[in-house]
Each structure stands twice: as structure tokens, then as C-alpha cells.
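This is what each chain is made of:
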Amino acid sequence: MYGDNWTFQQDGGRPHIHRKTQDWCRTNLPCFIDKDHWPSNSPDLNPLGYCIWDEFAVAINWDLATSKMALINELKRSVKKIRPEVVFESCPSWTNRLYRLKQTN
């Protein structure tokens, strides 16, 4: 769809840094930055990681996820339960985290 003019990047999630995943990416992607050459991503700097995902995970009723379609429906239902104030509060928290990071180099 995009031809060969793009680079694939990923986070440091365990499935992403597994040797087989890295090998597959090297073989199948036109340009790939492997786990040893991509800077690690701090969950402390990702609002989804430290704020919104927690709210989302609590809202999910995993007992209802008995099939792929049931999981999709539960995810859709649960994302609507994320309180808007959680999303809004994550913004100043994120900029404060960036400021502190800059201060400490």
C-alpha cells in the first residue's frame, strides 16, 4: 500500500522484541529499526500507559470476552466508560513529566 518508502518502528513490548518477531520484521519489512537500535520508550512518558489504559482495563469485564466478537464488543463498550476527566488530566500530567525529564537530562 505504501511501497518501500517507509520505516517500521515498534515499542519495547515483549512480543515485539522476541527474536522470531525481529527476524520476521528484518525479512518482511522494507525498512526496519531493530530493538537494539531503537530508543526505549518510557511508559512514564506515554499518557496511555500511565493513565488511560488503567481506566480502560478496569472497565473491561473479561468474563464477557468469550469469543473474538464478544471481546471486540466488550472493548467498544468499555472505552465509552473512560471518564473524560481522566483524559483531560493526562494532558497536564504529560507536559509536567516532559518538563521534569528535561530538567534531569
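Provided above is the structure to which this section pertains.
Our subject in this report is the structure included herewith. Keep in mind that what you see is a predicted model, and the values were worked out from it rather than measured. Counting from 1, residues in each chain are numbered in the order their sequence is written. Per-residue local features are limited, in this predicted model, to residues with pLDDT of at least 70; the limit for side-chain atom pairs, both in listing and counting, is 80 or more; totals at the level of whole chains, interfaces and linings are taken over all residues. Side-chain numbers come from the whole structure's heavy atoms, not from hydrogens or water.

Points about the overall build of the chain
Every helix listed is a DSSP run of H or I at least four residues long, and every strand listed is a run of E at least two residues long, numbered separately from the N terminus. A tally of helices and strands in the chain yields five helices and zero strands. Its helices and strands taken in sequence order, the chain reads α-α-α-α-α from the N to the C terminus. We call a residue buried when its accessible area falls under 20% of the maximum for its residue type, exposed when it is over 50%, and partly exposed in between, using a 1.4 Å probe and counting protein chains only. Of all 105 residues assigned to the chain, the portion counted as buried reaches 18%. By the convention used here, residues are in contact when the closest approach between their heavy atoms is within 4.5 Å. Excluding contacts between residues fewer than 6 apart, the proportion of contacts in the chain whose partners are at least 24 apart in sequence is 47%. Under the convention used here, a 1.4 Å probe and the Shrake-Rupley method define accessible areas, while residue burial counts only the protein chains that appear. Carbon together with sulfur atoms contributes 58% to the accessible area of the chain, which is approximately 8500 Å² in total.

Some points on the packing of aromatic side chains
Classification of ring pairs uses Phe, Tyr and Trp, with its six-membered ring standing for Trp, and accepts pairs whose centres are within 6.5 Å; under 30 degrees between planes counts as stacked, over 60 as edge-to-face, and the remaining range as tilted. Summed over the entire model, instances satisfying the criterion amount to one aromatic pair. Note on W53 and F56: the rings are 5.6 Å apart at their centroids and 50 degrees apart in plane angle, and the pair reads as tilted. Separated by three residues within a single helix, W53 and F56 lie in helix α3 (residues 47–59), roughly one turn from each other.

Structural notes on the pattern of salt bridges
Here, a salt bridge means any Lys or Arg side-chain nitrogen found within 4 Å of an Asp or Glu carboxyl oxygen. Counted under the stated rule, the structure contains five salt bridges. For E55, the salt bridge goes to R83, with nearest N and O atoms at 2.7 Å. Residue E55 is found in helix α3, and its partner R83 is found in the loop between α4 (68–79) and α5 (84–103); the two are separated by 28 residues along the sequence. Via salt bridges that share partners, R19, D23 and R26 belong to a single interconnected network.

Quick word on a nonpolar patch on the surface
Like charges are joined within 9 Å and nonpolar side chains (Val, Leu, Ile, Met, Phe, Trp, Tyr) within 5 Å, but only among residues with over 30% relative accessible area and no salt bridge; these make up the patches. A cluster of nonpolar side chains, W94, L98 and L101, forms an exposed patch at the surface whose accessible area comes to about 240 Å². In this structure, L101 sits in helix α5.

What about the nonpolar core?
Only buried residues count toward a nonpolar core, which is a set of Ala, Val, Leu, Ile, Met, Phe, Trp, Tyr and Cys residues joined through side-chain atoms within 4.5 Å. If you look at the biggest cluster of nonpolar residues, it comprises six residues: C51, I52, F56, I60, I82 and V86. No other element matches α3, which puts three residues into this core. For V86, the contacting residues outside a window of four places in its chain are C51, I52 and E55.

Observations concerning the environment of V58
Position of V58 relative to the elements: it lies in helix α3. Residue V58 is classed as exposed on the basis of its relative accessible area of 70%. On a C-alpha basis, the gap between V58 and I82 in space is 9.4 Å, while along the polypeptide they are 24 residues apart.

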